Each structure stands twice: as C-alpha cells, then as structure tokens.
Amino acid sequence: IRLASNKGLEYQEHVSEYGVHWNFFFTLTVVTIASSLWRRKSSSMKLWVIKDTMIPILMLVVYQFVLNHYGLQKYIEDGSRYCSKEQHRNGIVKYLYEYKLCQYLCNFFAANREGILGCIGYTCLFVISEVIAKLCIWSSLQNDTTTNESTEEKKIENEKKYGHLVGTKLFTASFILWCILFFLEYILHIPTSRRSTNATFVVWALAQNVLGLFLTWLAFFLCEEEGNIEKHDDGKYRSKESISKTNVSVSSSSPMIFEAANHHGMTIFIIANLLTGVVNLSINTLEVSDGCAVIVILAYLVSVGSTALLLDWCGGVSGGIKSVVSFLSRKKSKEKSE
C-alpha cells in the first residue's frame, strides 16, 4: 500500500534513502522477523544479555569489515541501479545471469541495495536497544519491586531508589556509547553512513537516543512535583495523600500529553505519518529556510500533540466519532425545533 500510494501520488523520495522500490515498512518487517530468530527467553538474565549482545555486535563487526575491505561501501554509494552481463564476465554470476529470475533478483538488489543491506544495521540497532532497555530500565524496576505486604513508606522509598538507579545507568550507557562513537569516527576513521547503516551510524543512533532518554529522565527528576511526596525528620519519604491503606497514592508525574500519546500510540503514529506526507507534498523540504523549517516543525508538533489530547478527551477514535455524531444530531434537532 505504501509503495503504491507513493508512486501514485508522486510522493517526493530520494532513491539514496532506501532504494527505488524499498521503504522503511519493508525494513521494519525484516527487522521484526530477523530479531525474533535468536530472541528467546532465557532462564538466566546473564545468558540472555550475552546472547542478545554478542550476536548483533559480531554481526555488525563483520558487516563493517565487508563494507571497508570488500568495496561494499563504495558499491552502495556509487554502484549502478541495474545489473548488466558485462559486469559479471567471470565467475558463477556469469552463468547465473543467463536465467531471467537471476536477472530480476540482481536488478532488484541493485535498485534497492540501501534498504536491503540497511536491514543488517537496523536489526543490530533494534536488538542492542532492547538489551540497553533491559539493563538500564527494566532490570532496575524488577530489582526494586516490592511485595504486596510492603508499606506505603517502603514503596515510595523504592520508587525514589529506582529513579536514581535508572538515571545512573542511562548516563553510564550514554557515556560509553559516545566514547565508542568517538573511537570509530576519529580513531578508526569510519564516517557515519546513513545509506549503508554502518557500525558508526548504529552507535551514533544509540548514543543519541540513550542521551535523549537520560535528558528526559533528568527533566522529570529536576521538575518532580514535591507536593505529592515529602521527606520527614526521620529521613523517610511519605505520601501526603492516600486513597487506601494498601495502595500508594502518588500522582503520576508524566505530562498529560505523554499519557495521551501512550494511550493512543498506533492512532497517533498513523496521524503523524499522514501529517508528514502532507508537509512533504505541500512544500519542497530540501529548499526551505531554517526559520520556515522551525515553524513547520512547531506546527507539526502542536498538531500531533493536540490530536493526542483530543483523542484522549473523547475516549479514543470511536469515542470521538460518537461525540461528533452526537453533536451533529443535537445541532440538527435544535435547528428543527427553531
């Protein structure tokens, strides 16, 4: 559907991004299938981390070695978009090219080499991201989870401890990733390549996103509302309000817009993609000025955020439709009465 709509609408796209026919949804499909091949639950967390860390790292090292030493990087950047018999005068490819199917496959690969080969880097990126999340976020949550018999005071203390532990781990992971990026780019002189999705690009993407997570955590940590939790003379944290004796009543510190986006993730994702398409069809994004670009991005964010809040207020898509129908019916009945 994405391919047909792009070609039918003559949607602006550059072949150097994913290729002639490929798009990111194909990459998502490949990444989901490929990552599930070795992603299995292990009885030991250490075995899970080692398995899911070493496989993508080893695969990324081999991929980067082939890019550097076998001309794959140059082929991705400067290669032809179709295969010809003259290109394969020697070897087994010469004989395989005699068959029509091999010609079609060769031409398809040449036309979409960025998207196809990029699946290697994106699969590694996805699996390593899961490992980082497991080590920095979910493991801390599991370690600090208390039993049902825990007191309100104990739960609040553990929430504080968990928050500090997550922040420390995110900062450490971000620092390590930036050091690795510096080593790859300035010591080994491997430039970041979005087209080949090489090792430097994967590490750069991880470093950027983990740093973003840390800064988000830091913002919540610094701006946390102290009205819900107070520290007493004995050094213990206690909630000022409680709903019941067995349930902690600490209001969520997440902004309403975050909660709304989480409640309607798929709908917001589709709307955001449609708005991106509207922007790309309306203006030439490659030639706009910096000021215009900032205005467009702000308008885009406001539109997506407002839609998320509106959906949450209406109770989702179905609730929104019911609200619109109810409003129109009331308006029609009012007009009849007048």
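Analysis parameters
Residues numbered from 1 in each chain as written. Predicted model: local features only at pLDDT ≥ 70, side-chain atom pairs only at ≥ 80, totals over all residues. Heavy atoms only, no water. Phe/Tyr/Trp six-rings, centres within 6.5 Å; stacked < 30°, edge-to-face > 60°. Helix = DSSP H or I, 4+ residues; strand = E, 2+ residues; numbered from the N terminus. Buried < 20%, exposed > 50% of the residue type's maximum accessible area, 1.4 Å probe, protein only. Expected span 1.5 Å × (residues − 1). Arc of directions from axis to C-beta. Polar contact = N/O pair within 3.5 Å; in protein donor to acceptor, adjacent residues only side chain to side chain. Salt bridge = Lys/Arg side-chain N within 4 Å of Asp/Glu carboxyl O. Patch = residues over 30% accessible without salt bridge, like charges linked within 9 Å, V, L, I, M, F, W, Y side chains within 5 Å. Areas by Shrake-Rupley, 256 points an atom, 1.4 Å probe, with all protein chains shown as cover. Contact = heavy atoms within 4.5 Å.

**Observations concerning the packing of aromatic side chains**
What describes a pair of aromatic rings is the distance from one ring centre to the other and the angle between the planes of the rings.
Move 1: The full count for this structure, using the stated rule, is 11 aromatic pairs.
Move 2: A centroid spacing of 5.4 Å and a plane angle of 75 degrees characterise the contact between Trp22 and Phe26, whose relative ring orientation is edge-to-face.
Move 3: Ring geometry for Phe171 versus Phe214: centroids 5.4 Å apart, planes at 50 degrees, classification tilted. Separated by 43 residues along the polypeptide, Phe171 in helix H9 (residues 152-187) and Phe214 in helix H10 (residues 199-222) bring together distant segments of the chain.
Move 4: For Phe171, a relative accessible area of 46% puts it in the partly exposed group.
Move 5: Ring pairs connect the aromatic residues Tyr18, Phe24, Tyr122, Phe201 and Trp204, which therefore count as one cluster.

**Describing helix H3 (residues 24-38)**
Move 1: In this model, H3 (15 residues) spans 22 Å end to end at C-alpha, consistent with the 21 Å of a helix rising 1.5 Å per residue.
Move 2: Considered for burial, the residues of H3 that qualify are Thr27, Val31, Ser35 and Trp38. The buried side chains of H3 occupy one side of the element, clustering within an arc of 55 degrees when seen end-on. Projecting away from the buried face of H3 at angles above 90 degrees are the exposed residues Ile33 and Leu37.
Move 3: Its side-chain oxygen at 2.9 Å from the backbone nitrogen of Phe25, Asn23 defines the N-terminal cap of H3.

**Topic: the pattern of salt bridges**
Move 1: By the definition in use, this model includes 3 salt bridges.
Move 2: Here Asp78 makes a salt bridge to Lys74, at a shortest N to O gap of 3.6 Å. Taken as a pair, Asp78 and Lys74 lie in helix H5 (residues 72-78) at a separation of 4 residues, close to a single helical turn.
Move 3: We classify Lys74 as exposed; its relative accessible area is 58%.
Move 4: We note a salt bridge from Glu114 to Arg81, for which the minimum N-O separation is 2.7 Å. Placement of Glu114 in helix H8 (residues 113-143) and of Arg81 in the loop between H5 and helix H6 (92-96) is noted, with a sequence separation of 33 residues between them.
Move 5: A relative accessible area of 24% places Arg81 in the partly exposed class.
Move 6: What emerges from the salt-bridge pattern is a single network uniting Arg81, Glu114 and Arg195.

**Remarks on a nonpolar patch on the surface**
Move 1: Taken together, the side chains of Phe24, Phe25, Leu28, Met266, Phe269, Ile270 and Leu274 make up a nonpolar region of the molecular surface, amounting to roughly 660 Å² of accessible area.
Move 2: Listing elements by their share of the nonpolar patch, those giving two or more residues are H3 and helix H12 (265-282).
Move 3: It is H12 that contributes the most residues to the nonpolar patch, 4 residues altogether.
Move 4: Of note, Phe24 is situated in helix H3.

**Digging into H12**
Move 1: With 18 residues, H12 should reach 26 Å at 1.5 Å per residue; the first-to-last C-alpha distance of 26 Å fits that figure.
Move 2: For H12, the complete set of buried residues consists of Ile268, Ala272, Gly277 and Asn280.
Move 3: On its buried side, H12 packs onto helix H11 (256-263) and helix H13 (290-314).

Bear in mind that shape data such as this cannot, by itself, settle questions of function.
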